[in-house]
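Results of the structural survey
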Amino acid sequence: MQLWLGAALTLSVVFAAALSFLWTPYDVTQLAIAAKLQPPGPDYLLGTDHLGRDMVSMLMVGARTSIAVALVAVGIGILLGVPLGLWAAATRGSLVDEIVMRGNDVIYAFPSLVIAILITAVFGPSAVNAIIAIGIFNIPVFARVARGAALSLWTREFILAARVAGKRGARISVEHILPNITNLLIVQGTIQFSLGILAEAGLSYVGLGTQPPTPSWGRMLADAQTFFYGTPRVAVLPGLTIVLMVLGLNLMGDGLRDALDPRLRRSVQ
Amino acid sequence: MTGREIRDLNLAIGDAPILRDVSLRLEAGQILGLVGESGSGKSMTALAVMRLLPAGSAVQGAVMLDGEDLTGLTEARMCDRRGRDVSMIFQEPMTALNPVQTVGDQIAETVVIHGGSRAEGQARAADLMARVGLAQIPLDRYPHELSGGQRQRVCIALAIALHPKLLIADEPTTALDVTTQAQILDLLQQIVAEEGMAMLFITHDLAVVSGLADQVAVMKRGVVVEQGPTAQLFARMQHPYTRALFAASRHQPPRQTLAKPQPLLTVREATRTYRLPRSHLFAAPGALEAVSRVSFTLHKGESLGLVGGSGCGKSTLTRAILGLEPLQGGEIRLDDQLITPDMSPSLRGRMQVVFQDPYGSFNPRHRVRRILAEPFHLTGSPPDIDSRIGDALTSVGLDPTDADKFPHAFSGGQRQRIAIARALITRPDLIVLDEAVSALDVSVRAQVLDLLADLQGRLGLSYLFISHDLTVVRAITDRVLVMEAGRIVEEGQTDQIFAQPQHGYTQALLAAAPKLPEAAA
């Protein structure tokens with residue numbers, strides 16, 4: 001139930017984002033000052049913003065930006081964090097393990113959004129820098145999840161059997177450990193994805209993420225601030241979209257966790 | 001009215017019938033042994049009495065305790081009975097206690113739940129600790145500070161806190177060493193006699209029951225096939241299943257000594273130490289000698305047993321022999337080639353291993369084909385890999401088509417056969433069997449022992465057979481090493497050691513091992 005509701009919410013946003021590549025009701029780069037702040041109606045389904053841009057189109061393209069940034073950021077986290085975690089687990093107790101995990105602690109020790117703001121402030125505000133900033137903070141999350149799960153697998157007899165078969169740490173990690181921790185990584189990935197969306201919205205809101213004219217949900221919120229008392233709609237709509245997307249992802253993550261929980265599977269007792 | 005009786009108990013979970021017309025009669029001050037293999041429904045009988053069955057269970061029949069039917073009580077009334085009138089001891093003392101509560105508080109809890117004050121609870125806990133022979137252990141200790149046997153004593157104290165009329169013990173000694181097992185069994189026997197409670201003792205081990213119980217019931221697939229006074233039951237053994245179980249328990253696979261004089265594995269002064277954590281920041285880290293100066297030789301074609309209690313260092317020694325962990329002193333050689341964690345793949349390929357747990361020794365996501373082919377990593381895949389896999393499966397009594405199944409499609413015994421097939425695939429000289437039959441039911445264990453003896457005869461294998469189970473070691477080995485606290489304390493021909501143990505530890509081990517009564521005609 002949870003899983004399906006979450007998946008439905010998430011997929012509808014993803015679908016809207018995909019559709020925006022082919023078609024949007026209006027061109028989001030086209031300003032129509034005459035049609036500014038139009039109420040919802042047959043012409044503009046959800047009305048227009050202060051520059052006369054169609055809200056539906058803005059939200060669709062904004063979804064594209066948010067998803068792209070969050071997805072790449074999670075990708076960075078998985079691609080760097082998981083191998084680091086597996087490496088640390090394979091050499092548990094060694095210097096490598098110490099260095100990797102203490103390095104993670106260092107990253108963890110900084111408040112992520114503040115550092116993300118620092119990075120984008122130093123290297124210039126752009127979507128790419130936002131991705132890098134958010135991605136870096138995903139690395140320790142995945143490294144820890146991977147290491148923790150891998151450590152408990154390393155004590156299992158089938159791993160011992162693989163070692164007797166002469167396989168080395170790297171090979172065992174890829175062949176035996178990784179397939180058995182994918183569940184956890186998928187669940188963690190969903191949760192990090194939703195955090196990524198929030199982070200991107202946050203960075204864009206303070207003007208350090210996606211730059212105009214590319215629409216983004218956070219940017220829309222920031223723009224709407226001035227008009228909030230007159231037309232709350234322009235702020236509520238992107239806000240609501242962010243809430244629904246994050247809610248959808250979290251529900252999906254929880255649902256996946258229940259569905260894939262290894263403790264509920266007989267084969268992985 | 002002091003009757004404690006289970007009458008015509010029927011149990012189904014979903015559509016699967018679990019118990020059929022189980023009737024057991026227990027007497028105050030006596031022990032009823034309930035024997036059966038896994039899946040026979042013996043634990044379910046206990047849970048049905050306690051009314052702790054999984055969701056979806058449907059029970060019929062009666063559990064009479066002093067003229068009252070427990071199955072008819074509401075859950076609230078039943079909660080009041082649990083711990084006070086019926087109580088239970090579980091198999092695994094490691095997990096049956098709450099790790100973040102002191103043992104005193106856990107014992108006192110039972111008293112407090114049933115209406116006692118905290119002070120009464122603490123006082124009772126102190127009495128009980130003395131009662132179970134733990135007077136020297138303060139009440140504010142945590143479970144991890146106690147040994148397995150001590151923890152099981154705490155569980156017993158917990159269970160008898162309120163003098164229950166019926167005490168159920170579900171395999172209470174299976175997880176313990178033989179010497180500890182003997183002590184716990186003594187304690188249980190003494191408590192039952194002195195407190196006048198009735199005990200339902202559930203086990204898979206006929207030998208344990210024969211020495212302990214007043215009455216025995218044998219269970220097979222949810223049906224009690226035979227029950228009666230212990231001596232009488234073992235003397236008559238009317239049901240064929242009882243006879244089969246008895247025969248399997250003392251099964252000796254037909255084998256002859258094939259040992260040749262050439263040494264295959266030589267262990268010389270092997271020492272393995274672990275670093276202990278520093279006691280304070282500037283102290284030198286301590287060291288624990290898990291294996292100290294162990295020397296022995298395993299000859300070609302020989303089957304050598306390694307016996308010892310838990311924590312004696314046999315697993316550590318096994319890992320060193322398999323070249324998984326380095327030694328801190330001494331050396332291990334296979335045919336004069338030194339075994340180290342960095343040895344050549346071809347040397348590694350000459351040794352394989354079978355582990356204890358038939359459920360944990362395979363990657364659940366791999367098919368049998370891939371599991372069996374794993375050791376080929378050492379030698380490179382041969383061109384006839386498919387027929388090699390088929391041969392290996394056939395030689396352990398499975399079908400070549402089984403290669404495409406996942407391990408969870410097999411039973412415990414079949415999985416152990418797969419593990420043996422994996423060990424055979426590179427055609428090794430030495431197979432290390434690490435408690436390889438300990439987790440199996442007796443009838444399956446007998447088959448696997450037969451298989452091992454047969455394979456040894458056909459393929460000229462050498463076995464290093466590590467076990468805590470003396471019966472099994474006696475059945476399958478030519479020579480035995482007895483290990484205690486990291487040292488080999490006795491070594492000799494199996495028959496000789498079992499007949500005339502020299503060292504005190506060996507004598508204690510043998511004396512503690514439960515024995516089956518001599519076979520009846």
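Counting restarts for each chain, with residues numbered from 1 along the sequence as it is written. Chain A is the first chain written and ligand 1 is the first ligand written, with later ones labelled in order. Restriction of local features to residues with pLDDT of at least 70 applies here, the model being predicted, together with a cutoff of 80 or more for giving and counting side-chain atom pairs; totals for whole chains, interfaces and linings are based on all residues.

A short note on the overall build of chain B
- Each helix is a run of H or I in the DSSP string that is no shorter than four residues. Each strand is a run of E no shorter than two, and both are numbered from the N terminus. On a plain count of helices and strands, chain B comes out with 19 helices and 20 strands.
- Along the first, second and third principal axes, the C-alpha set of chain B runs to 70 × 60 × 45 Å.
- Contact definition: two residues whose C-beta atoms, as placed from backbone geometry, lie within 7 Å. Considering only contacts in chain B between residues 6 or more positions apart, those separated by 24 or more positions represent 69%.

Looking at the overall build of chain A
- Check the secondary structure of chain A and you find nine helices and zero strands.
- From first element to last, N terminus to C terminus, chain A shows the α and β order α-α-α-α-α-α-α-α-α.
- Here the C-alpha coordinates of chain A stretch approximately 75 × 45 × 30 Å along the principal axes.
- Across the 269 residues of chain A, 46% fall into the buried class.
- Partitioning the contacts of chain A with sequence separation of at least 6, the portion at a separation of at least 24 is 72%. Residues with at least 20 other C-beta atoms within 10 Å of their own are called buried, those with 12 or fewer are called exposed, and the rest are partly exposed. The C-beta atoms themselves are positioned from the backbone.

Describing the nonpolar core
- For our purposes the nonpolar core covers buried Ala, Val, Leu, Ile, Met, Phe, Trp, Tyr and Cys residues that link as a set through C-beta atoms within 7 Å. Counting residues in hydrophobic clusters, the biggest one holds 225 residues, and the most contacted among them are A146 of chain A together with A157, I168, M199, L200, F201 and L464 of chain B.
- Tallying contributions element by element places helix 2 (residues 55-90) of chain A first for this core, with 21 residues.
- When residues no more than four places from it in sequence are discounted, the contact partners of F201 of chain B are I31, L32, G33, L34, A169, L212 and A213 of chain B.

So, the interface of chain B and chain A
- The interface of chain B with chain A comprises 20 residues on the first partner and 18 residues on the second.
- Those elements giving two or more residues to the side of chain B that touches chain A turn out to be helix 11 (345-348), strand 16 (351-354) and helix 13 (376-379) of chain B.
- Asp, Glu, Lys and Arg are counted as charged, while Ala, Val, Leu, Ile, Met, Phe, Trp, Tyr, Cys and Pro are counted as nonpolar; the rest, among them Gly, fall into the polar class. Residues of the side of chain B that touches chain A, tallied by class, amount to ten nonpolar, six polar and four charged.

Focus: the sheet that holds strand 19 (residues 479-484) of chain B
Residue and element names in this part refer to chain B.
- The mixed open sheet is built from six strands, whose spatial order is 16-17-18-13-19-20. Either end of the sheet is taken by a strand with one partner, and the two such strands are strand 16 and strand 20 (487-493). Geometrically, the sheet is characterised by an average inter-axis angle of 20° between neighbouring strands, direction not taken into account.
- Helix axes use the C-alpha atoms of the stretch in contact, all axes being lines fitted to C-alpha atoms, and the angles between their N-to-C directions lie in the range 0 to 180 degrees. Sitting on the sheet, helix 10 (residues 314-321) is in contact with strand 13 (303-307), strand 17 (430-434), strand 18 (462-467) and strand 19, with an inclination near 155° to strand 17. Whether two strands pair depends on DSSP finding at least two bridges between them.

A word on the packing of helix 4 (residues 112-123) of chain A against helix 5 (residues 127-154) of chain A
Residue and element names in this part refer to chain A.
- Close contact between helix 4 and helix 5 brings their axes to 9 Å; oriented N to C, the two are set at 145°. As for how helix 4 packs across helix 5, the hand of that crossing is right-handed. Between helix 4, through S112, I115, A116, I119, T120 and F123, and helix 5, the contact on the second element is made entirely by N129, A130, I132, A133, I134 and F137.
- Tallied by class, residues from the contact of helix 4 with helix 5 come to nine nonpolar, three polar and no charged. By convention, the crossing between two helices is left-handed when the near helix turns anticlockwise from the far helix through less than a right angle, and right-handed when the turn is clockwise.

Section: unusual backbone geometry
Residue and element names in this part refer to chain B.
- The phi torsion at D8 lies on the positive side, around 45°, for a residue other than glycine.
- Looking at the element boundaries, D8 is found in strand 1 (residues 4-13).
- Assessed through the 12 C-beta atoms surrounding it within 10 Å, D8 is described here as exposed.

Quick look at the environment of A199 of chain A
Residues and elements named next belong to chain A.
- For A199, the location among the structural elements is in helix 7 (residues 169-205).
- On a C-alpha basis, the gap between A199 and V61 in space is 18 Å, while along the polypeptide they are 138 residues apart.
- Not counting chain neighbours up to four residues away, the residues in contact with A199 comprise L113, A116 and I134.

A short note on the packing of helix 1 (residues 2-22) of chain A against helix 2 of chain A
Residue and element names in this part refer to chain A.
- The geometry of helix 1 relative to helix 2 is characterised by a closest axis approach of 8 Å and an angle of 105° between their N-to-C directions. Classed by the angle they form, the pair helix 1 and helix 2 counts as roughly perpendicular. Two secondary-structure elements touch here, helix 1 through V13, V14, A16, A17, L19 and S20 and helix 2 through M60, V61, A63, R64 and I67.
- Partitioned by chemical class, the residues of the contact of helix 1 with helix 2 number nine nonpolar, one polar and one charged. An angle counts as roughly parallel when it lies under 35 degrees, as roughly antiparallel when it exceeds 145, as roughly perpendicular when it falls between 65 and 115, and as oblique in every other case.

Some thoughts on the pairing of strand 2 (residues 16-26) of chain B
All names here are of chain B.
- In this sheet, strand 2 lies alongside strand 1 in antiparallel orientation, the contact comprising seven bridges. Bridge pairing links I13 to A16 in strand 2.
- Counting the residues in the hairpin turn of strand 1 and strand 2 gives two residues, including G14, whose phi is positive at 60°.

Some words on helix 8 (residues 217-224) of chain A
Residues and elements named next belong to chain A.
- Here helix 8 lies mainly inside the structure; seven of its eight residues are buried.
- Listed as buried for helix 8 are W217, G218, R219, M220, L221, D223 and A224.
- Along its buried surface, helix 8 packs onto helix 2, helix 7 and helix 9 (233-260).

What to know about helix 6 (residues 178-195) of chain B
Residue and element names in this part refer to chain B.
- Every helix has an expected span of 1.5 Å times one less than the residues it contains. Across its 18 residues, helix 6 extends 26 Å between first and last C-alpha, which sits within 8% of the 26 Å expected from 1.5 Å per residue.
- Those residues of helix 6 that sit buried are V178, T180, Q181, A182, I184, L185, L188 and V192.
- Along its buried surface, helix 6 packs onto strand 3 (31-36), helix 5 (148-159), strand 7 (166-170), strand 8 (198-203), helix 7 (206-212) and helix 19 (504-512).
- Backbone geometry just downstream of helix 6 places G196 in the positive-phi region, at approximately 65°.

Comments concerning the pairing of strand 16 of chain B
Residue and element names in this part refer to chain B.
- Here strand 16 shows no split at all, with M351 and V353 on one side and Q352 and V354 on the other all buried.
- Bridging between strand 16 and strand 17 involves four bridges; their strand directions are parallel. Residue V354 lies in a different strand from strand 17, and its bridge partner there is L433.

Re the environment of K515 of chain B
All names here are of chain B.
- Relative to the helices and strands, K515 is located in the segment after helix 19.
- Taking C-alpha positions, K515 is 39 Å from G14, a pair spaced 501 residues apart along the chain.
- Non-local contacts of K515, meaning those with residues more than four positions away in its chain, are made with A207 and G211.

Considerations on the confidence of the model for chain A
All names here are of chain A.
- Here pLDDT means the predictor's own confidence in every residue, given as a number from 0 to 100. On average, residues of chain A carry a pLDDT of 84, and 97% of them reach 70 or more.
- Within chain A, helix 2 carries the highest mean pLDDT (90), whereas helix 4 carries the lowest (82).
- Note that residues 265-269 has pLDDT below 50 and, in this model, seven contacts with residues that lie over four places away or in other chains.

Digging into the sheet that holds strand 6 (residues 86-89) of chain B
Residues and elements named next belong to chain B.
- With respect to topology, six strands assemble into an open sheet ordered 6-7-8-3-9-10, the strand pairing being mixed. The two strands at the open ends of the sheet, each matched to only one other strand, are strand 6 and strand 10 (223-229). Averaged over all adjacent pairs, the angle separating strand axes in this sheet is 20°, with direction ignored.
- Two strands pair when backbone bridges link them, and strand 9 (residues 215-220) and strand 10 are joined in this way by six bridges, in the antiparallel orientation. Directly across from A217, in strand 10, lies its bridge partner Q227.
- Together, strand 9 and strand 10 form the strand contacts of helix 9 (residues 240-249), whose direction differs from that of strand 9 by roughly 95°.

Points about the environment of R415 of chain B
All names here are of chain B.
- Note on placement: R415 falls in helix 15 (residues 412-424).
- Note on R415: 22 C-beta atoms within 10 Å, which makes it buried.
- Linking R415 and G360, residues 55 residues apart in sequence, is a C-alpha distance of 9.9 Å.
- Among all residues touching R415, those that are not within four sequence positions of it are P358, Y359, P407 and F410.

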